[in-house]
Structure formats: C-alpha cells, structure tokens
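Architecture and fold: a report
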Amino acid sequence: MRRIITFCTLSVVLYVIVFAGLIDRPLSLGLLRLEMMQKTARLAALPSPTLVILAGSNGPYSHSCAVIGAMLNMPCENAGIAVGIGLDDLFTRYAPLLHRGDVLYMPMELQQYTATRAQYRAGADGEFLVRHDRWVLAQLPPDRILGAVFCCNLGDFLESLAEMPLAHAGVIDPQHLLASEYNSQGDRIDNSLAEADPALLRHSPRPEPSTSEIANSYGTALITRFVAQEAARKVVVIGGLPTDFASAVITTPEINAVAAIYTANGGSFALLPNHSLYPAADFFNSEDHLAQPCQYRHSIAIAYALGHLLNRPVQPAVAAITRLAATCPAG
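Here we summarise the structure given alongside this text. (Residues numbered from 1 in each chain as written. Predicted model: local features only at pLDDT ≥ 70, side-chain atom pairs only at ≥ 80, totals over all residues. Heavy atoms only, no water.)

1. A closer look at the state of the cysteines
Covalent bonding between the sulfur atoms of two cysteines defines a disulfide. Where we set the bar: For the purposes of this analysis, a disulfide is any pair of cysteine sulfur atoms at a distance within 2.5 Å. Secondary structure elements are taken from DSSP: a helix is a run of H or I of four residues or more, a strand is a run of E of two residues or more, and numbering for both begins at the N terminus. The classification of residues rests on relative accessible area computed with a 1.4 Å probe and restricted to protein chains. Under 20% of the type maximum is buried, over 50% is exposed, and intermediate values are partly exposed.
Counted under the stated rule, the structure contains two disulfides. The residue that forms a disulfide with cysteine 65 is cysteine 76, at a sulfur-sulfur distance of 1.9 Å. Handedness of the cysteine 65-cysteine 76 disulfide follows from its S-S torsion of about -60 degrees: it is left-handed. A residue pair is termed long-range when its members are at least 10 positions apart, and cysteine 65 in helix α4 (residues 65-72) and cysteine 76 in strand β2 (residues 76-78) qualify at 11 residues. There is no split in this pair, since cysteine 65 and cysteine 76 are both buried. Covalent S-S linkage joins cysteine 294 and cysteine 328, the inter-sulfur distance amounting to 2.2 Å. The sign of the S-S torsion, about 105 degrees, decides the handedness of the disulfide formed by cysteine 294 and cysteine 328: right-handed.

2. Quick notes on helix α11 (residues 154-169)
For clarity, the cut-off: Helix span, as expected, comes to 1.5 Å for every residue beyond the first.
Here α11 contains 16 residues, and its C-alpha end-to-end distance of 24 Å stays within 8% of the 22 Å for a straight helix at 1.5 Å per residue. Asp156, Ser160 and Glu163 are the residues of α11 that are buried. With its phi angle positive at about 75 degrees, glycine 170 sits one or two positions after the end of α11.

3. Here we look at the pairing of strand β3 (residues 103-106)
Along a regular strand, successive side chains alternate from one face of the sheet to the other. Stated precisely, the cut-off is as follows: Strand pairing is defined by DSSP finding a minimum of two bridges between the two strands.
The side-chain alternation of β3 yields two buried faces, one formed by Val103 and Tyr105 and the other by Leu104 and Met106. Bridge analysis of strand β1 (residues 51-53) against β3 gives three bridges, and the strand direction is parallel. In the strand pairing of β3, valine 52 is matched with leucine 104. Note that β3 and strand β4 (residues 236-240) share four bridges and pair parallel. In the sheet register, tyrosine 105 faces β4, and the bridge partner there is isoleucine 238.

4. Some words on empty space enclosed by the protein
Stated formally: For each structure, a 1 Å grid was placed over the protein atoms alone; sets of points admitting a 1.4 Å probe that cannot get out are labelled cavities, open sets with protein on both sides within 12 Å along at least five of seven lines are labelled pockets, and lining residues have an atom within 4 Å of a point. Grid points are joined across faces, edges and corners, and a volume is the space filled by probe spheres set on the points. For this classification, Asp, Glu, Lys and Arg are treated as charged, while Ala, Val, Leu, Ile, Met, Phe, Trp, Tyr, Cys and Pro are nonpolar and the rest, including Gly, are polar.
Using the criterion set out here, one finds two cavities of 30 Å³ or more in the structure. Size it by volume and the largest cavity reaches roughly 60 Å³. Around the largest cavity, the lining residues are Leu110, Arg206, Glu208, Leu241, Pro242, Asp244, Ile250, His275 and Leu277. Its residues placed into classes, the lining of the largest cavity shows five nonpolar, one polar and three charged.

5. Quick word on a nonpolar patch on the surface
To keep things clear, this is the line we draw: Only residues whose relative accessible area exceeds 30% and that take part in no salt bridge are eligible for patches, with like-charged residues grouped when within 9 Å of each other and nonpolar side chains (Val, Leu, Ile, Met, Phe, Trp, Tyr) grouped when within 5 Å. Method for areas: the Shrake-Rupley scheme with a 1.4 Å probe, in which residue coverage is limited to the protein chains shown. Each reported salt bridge corresponds to a side-chain nitrogen of Lys or Arg within 4 Å of a carboxyl oxygen of Asp or Glu.
Where nonpolar side chains cluster on the molecular surface, the patch consists of Leu166, Val171, Ile172 and Leu177 and spans about 300 Å² of accessible area. Within the fold, leucine 166 resides in helix α11.

6. Comments concerning the layout of surface pockets
For the largest pocket, the calculated volume is near 220 Å³. Lining the largest pocket are Asp88, Phe91, Thr92, Ala95, Gln139, Leu140, Pro141, Tyr218, Leu222, Arg225, Phe226 and Gln229. Sorting the residues of the lining of the largest pocket by element identifies α5 (87-94) and α14 (218-232) as the ones contributing at least two each. Of the residues assigned to the lining of the largest pocket, the class counts are seven nonpolar, three polar and two charged. If you add up the space inside the second largest pocket, you get close to 180 Å³. Val83, Gly84, Ile85, Gly86, Leu87, Gln111, Gln112, Thr114, Ala115, Gln119, Tyr120 and Gly123 together form the lining of the second largest pocket. Listed by contribution, the elements that provide at least two residues to the lining of the second largest pocket are α6 (110-113) and α7 (117-121). For the lining of the second largest pocket, a count of residues per class yields five nonpolar, seven polar and no charged.

Right, dumping it as structure tokens:
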C-alpha cells in the first residue's frame, strides 16, 4: 500500500511539474491568452470615462467599438473573448481596470448564463492559468483552482510537443495573426460578407435556454455578482441581448430573466426593437457572429440605444460606415 501511495504521489508531482512548468500550447491557447493580454493592456491605457464591450465572441464579431465609440464620443475597448474562457477569469483581470463613470455594455451570449460549475472546472483557460497566470488563478474558487491544476491529458501533452517547436521557430507569428483578425480597439475585422458561410442559410436555430436555466445557473450567479460589484463602484453597467438568428425562439419571459440580472443589481438593460435578431444571411459563421456590414448596422443601432440610456448625445455614423452598413442583406 505504501508503494502505491508513493508512486501515485510521484505521478501527481511529475504531472504538475510537466504541465505547470515545462510544456505549453503557445499557438492555440497562447493565441487566446495573447488576445486577452492585448485587450487588458489597451483598456488599462484608456482614459475615463471609457466604454467597454464585454461578452464572448459576440462582442468583437457583432459589435464595433470603432463605430459605437465614435458615435458616443468615448474611448472604447471591445473586451470580449471566446466563450469557453471563464468569466471569472475575465472579471478578475478586467475589474481593476474599470473606474467610476466607465460604461460597461454586456451583450452576453445566453450560454454564458447557463454555464455550469463543472464546465468552469474544465475550462480551456485552466492550462494557461496554471502555467502563466497563477496570480489570477489564486483569486478563483478552490474547485476552479483544482480543475486548472488537473487541466490536461495526453492529447494536450502531444499538442504541446507539436506547438512549442513551431512557435520557437517562428513558423506562426501570433502577433501578426491577431493583427489580421482584430483592429486596435478589439473589433473583429476578418468577418467580410463575401466570406460568410453559406451553410448558415440552411442552419436550424439552436435551442434557447429556459427562464429557469437562465435564472438558476452558475454562470448567472457569476454575472450577477460582477454586475452588483461594478455598479456599487459606480461603473455604469448595461446588459443587452446577443445577436441571433431571426428564427430563434426567445420568449418575453426569457428576455425579462436576462434583463433582471442587470436591472435588479444596479444596472440597466438595452433592448433593440428587433431583440438583436437578424436573418441568417446577415451572419458570418455562427449565430453570434455578424458579417461586417451587419456588425456595423447593429452597432449603429446599439449606439443610439446606449446614448438614450446614458442621456448622452449621439453623433451619426460617418458616411463610409453608413454606406457599408447599408450593404447588409437585411437592408
């Protein structure tokens, strides 16, 4: 029995040494971490009051800081990172960079609300948290820390062995790759209408979560706590709906359940007349990702909605943006 315990202990120690100190996935997970680091660095440098758009990939794909920030005459950072990167991770990094009077717009994907605790324990960011960002990991709940420590398996090990030499040789330049995908305000810029996925026209709408799932899930608990915390610090928090197909079935009670997360915790809620629903032809490669002309069209509408809630004058979008937005298939 002692020998078994000894070998098990040594195995765990060896596992931690390898994954926490020796190997890495600099091209896959490293790209996401670099994106996050770029966004936090830009946000830290912006003067207040700043507009921050925070969601998953719906933020940078379907919203444009270049449009909304200009129309509201506010510096803007599109701080959204792909769903799968834990909101607890993002909130820990971003909260110290938000100040009294800043405006935080949160058109969170519905799956962000319904995420479970188990999904967070298995989050994709666990690997780089334990390898590079232990200061963030130390501020997360114990089960999240444990999940991050035991994040990895043989497949991750083999991917690391493939990625590390490629990154060292400079075969793929993450900085250059991100520069081709995002502008200097964090907006996605490689989502042209000409390259949109035609299969979306035949795509069935995904099932929408129930009111109970939205109200009672772990993701909602995280978002609720963050909204209340930032509102108490006098950050202006405004919730919103993510973009989705017009064929999606999201009911008034479900919208009210999302809105209540913000309005009941010191924030407000921006709701467009179309509930941010658009024809499938307006999207790039998923329900959460508008093609660029439609990204701009949606952003113009959001700018006016935010201006109304903020009692702030809204400047019309510049002619070039208006012309491009007019080419969105929805018209």
